Amino acid sequence: MLEQRKPSAFDLASYLQDKKELVEIALDGSLPIVRPEKIYEAMRYSLLAGGKRLRPILCLATCELLGGTEEMSMPTACALEMIHTMSLIHDDLPAMDNDDYRRGKLTNHKVFGEDIAILAGDGLLAYAFEFVATQTQNVAPQNIIEVIARLGRTVGAAGLVGGQVLDLESEGKTDITAETLTFIHTHKTGALLETSVVSGAILAGAGSEEVQKLSQYAQNIGLAFQIIDDILDITATQEELGKTAGKDLAAQKATYPSLWGIEESRNQAQQLIDSAIDKLADYGEKAAPLRAIAQYIVNRKH
Ligand code: FPP
Ligand code: MG
């Protein structure tokens, strides 16, 4: 008699590895070096410095979940990483967090100087929009426009820029409330993670109800991601993080662990992940990657 085989558990490590390789190839091909070489080298230095590539993978996975293809989502996946990378280049500048290390390498301004680092960030931001507009295939134009509009809102004062401003204003203050902290994080980090998922859905042709549900999944994992980031800043080493550890305490930043303690912060992150996973109930086995990514966010070590 043939042995009955149970469906094997989803192998997230292989999934992330496979998708990351595809993203690395696409990013490498996205930005050739032309004249003036220095700016392209600076842009490529940070764009190709590794990293988890979580945002592109969320976009690819969501598009795939809804029946879309890689050629529909890869240009947006690359654009999300260009935007994320530019925000880190600017975040590390002396005028902001003044950091020397990122992704295990010297920060962009340490290698290329502040002037070029600012321009490399600007170049990546502008190119992200050009890349989505010119490279996306097999997607209805109105859906491409919707993705571009959402990307714009995500990086602007309603998103990353707004979150960063409140973050800078909150430094050194001892009376930051959980509500302000959540505003900072939903804007500075959550907005781009949410747009990563939602853009994947829009590119696959999702309707507004579906977009809404997946957006709630993404908001939950976005906040959990930041809570875990705050915990890792305390518990992980510079080698594990690829960037300076213990910075939040040194900069007297309000964090979730400083408000709630590490144990309670971890509980809150797990609750958010459980709610995120609940939102995927209708998709069955097909949503295994998004479920596993959600769980990975709380278990990650860097
Ligand atoms: C890292 O946070 C920084 C961000 C997630 C984004 C910062 C946003 C900006 C600099 C605005 C960029 C401009 C545009 C136009 C998008 P962190 O300092 O808490 O984390 P870290 O320890 O990784 O530095
Ligand atoms: Mg920083």
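Residues numbered from 1 in each chain as written. Chains lettered and ligands numbered in written order. Predicted model: local features only at pLDDT ≥ 70, side-chain atom pairs only at ≥ 80, totals over all residues. Heavy atoms only, no water.

Visitor: An account of the overall build of the protein is requested, with residue identities and associated values reported.
Guide: Within the protein, the secondary structure is distributed over 15 helices and two strands. Relative to the globule expectation of 19 Å for 302 residues, the C-alpha radius of gyration of the protein, 19 Å, shows essentially globular dimensions. Relative to its full complement of 302 residues, the protein shows a buried share of 49%. Considering only contacts in the protein between residues 6 or more positions apart, those separated by 24 or more positions represent 73%. With an accessible surface of roughly 14,300 Å², the protein has 52% of that area assigned to carbon and sulfur atoms. The distance from the centre of the 28 positive side-chain charges to the centre of the 42 negative ones in the protein is 2 Å. (Helix = DSSP H or I, 4+ residues; strand = E, 2+ residues; numbered from the N terminus. Rg over C-alpha atoms; globule rule 2.2 N^0.38 Å. Buried < 20%, exposed > 50% of the residue type's maximum accessible area, 1.4 Å probe, protein only. Contact = heavy atoms within 4.5 Å. Areas by Shrake-Rupley, 256 points an atom, 1.4 Å probe, with all protein chains shown as cover. Lys, Arg positive; Asp, Glu negative; His and termini not counted. Charge placed at Lys NZ, Arg CZ, Asp CG, Glu CD.)

Visitor: I'd like a description of the environment of Met72, backed by residues and values.
Guide: In this structure, Met72 sits in helix H4 (residues 70–91). When its relative accessible area of 13% is taken as the criterion, Met72 is described as buried. A C-alpha to C-alpha distance of 38 Å links Met72 and Thr255, two positions 183 residues apart in sequence. Residues within four places of Met72 in sequence aside, it is in contact with Cys63, Thr136, Gln137, Asn138, Val139, Leu203 and Ala204.

Visitor: I'd like a description of the site of ligand 1, backed by residues and values.
Guide: By nearness alone, 14 residues border ligand 1, and Asp97, Arg102, Lys188, Lys243 and Lys247 come closest of all. Here an oxygen atom of ligand 1 and a side-chain polar atom of Arg102 are 2.7 Å apart. At 2.7 Å, a side-chain N or O of Lys243 approaches an oxygen atom of ligand 1. Burial of ligand 1 by the protein chains amounts to 88% of its free accessible area of 630 Å². Looking at the shell around ligand 1, the elements that each hand over two or more residues are H4 and helix H8 (160–170). (Near = heavy atom within 4 Å. Polar contact = N/O pair within 3.5 Å; in protein donor to acceptor, adjacent residues only side chain to side chain.)

Visitor: Describe the layout of surface pockets, and please don't skip the residues or the numbers.
Guide: Sizing a probe to match a water molecule and rolling it over the atoms shows the empty space that remains. Its boundaries defined by the atoms lining it, the second largest pocket holds a volume of some 290 Å³. Looking at the second largest pocket, it is lined by 16 residues, and the ones nearest its centre are Thr154, Thr186, Ala191, Glu194 and Thr195. Here the lining of the second largest pocket gets seven residues from one element, more than from any other, and that element is helix H9 (residues 178–203). (1 Å grid on protein atoms, 1.4 Å probe; cavity = no way out; pocket = protein on both sides within 12 Å on 5 of 7 lines; lining within 4 Å. Points joined across faces, edges and corners; volume = space filled by probe spheres on them.)

Visitor: Now, about the side chain of Ser30: what can you tell me, with residues and values included?
Guide: You can see Ser30 is positioned in helix H1 (residues 12–30). Look past the residues within four positions of Ser30 in its chain and what remains in contact with it is Leu47, Met82, Tyr127 and Phe131.

Visitor: How would you sum up the nonpolar core? Please name residues and give values.
Guide: Formed by 84 residues in total, the largest nonpolar core has its most connected members in Leu58, Tyr217 and Ile293. With 12 residues, helix H10 (residues 208–235) is the largest single contributor of residues to this core. Setting aside chain neighbours within four positions, we find Ile293 in contact with Leu12, Tyr15, Leu16, Leu54, Ile57, Leu58 and Tyr217. (Core = buried A, V, L, I, M, F, W, Y, C linked by side-chain atoms within 4.5 Å.)

Visitor: Any details on the packing of aromatic side chains? Residues and values, ideally.
Guide: Per the counting criterion, the structure on display carries four aromatic pairs. Summarising the aromatic geometry, the rings of Tyr127 and Phe131 are spaced 5.6 Å apart at their centres and angled 50 degrees between planes, so their arrangement reads as tilted. Placement of both Tyr127 and Phe131 in helix H6 (residues 114–135) is noted, with a separation of four residues, approximately one turn of the helix. Grouping residues by exposure puts Tyr127 and Phe131 together as buried. Across the ring face of Tyr45, the terminal group of Lys105 is positioned such that the distance to the ring centre comes to 4.0 Å. If you follow Arg300 out to its NZ or CZ, it ends over the ring of Phe225, 3.9 Å from the centre. (Phe/Tyr/Trp six-rings, centres within 6.5 Å; stacked < 30°, edge-to-face > 60°. Lys NZ or Arg CZ within 6 Å of the ring centre and 35° of its normal.)

Visitor: Hey, could you go over H1 for me, with residue numbers and the actual values?
Guide: Compared with an ideal rise of 1.5 Å per residue, which puts 19 residues at 27 Å, H1 spans 26 Å between its outermost C-alpha atoms and is within 8% of the ideal. What H1 keeps buried is the set Leu12, Tyr15, Leu16, Lys19, Val23, Ala26, Leu27 and Ser30. The buried residues of H1 occupy an angular sector of 100 degrees when the element is viewed end-on, so they sit on one face. Away from its buried face by more than 90 degrees, H1 exposes Ala13, Ile25 and Gly29. At its buried positions, H1 is contacted by helix H2 (37–47), helix H3 (54–65), H4, H6 and helix H15 (288–299). The backbone nitrogen of Ala13 has a side-chain oxygen 3.4 Å away, supplied by the residue at the start of H1, namely Asp11. (Expected span 1.5 Å × (residues − 1). Arc of directions from axis to C-beta.)

Visitor: Hey, could you go over the state of the cysteines for me, with residue numbers and the actual values?
Guide: In protein structure, a disulfide is the covalent linkage between the sulfur atoms of two cysteines. As enumerated under the stated definition, the model contains zero disulfides in all. No disulfide involves Cys59; its sulfur sits 6.5 Å from that of Cys63, the nearest cysteine. (Disulfide = S-S within 2.5 Å.)

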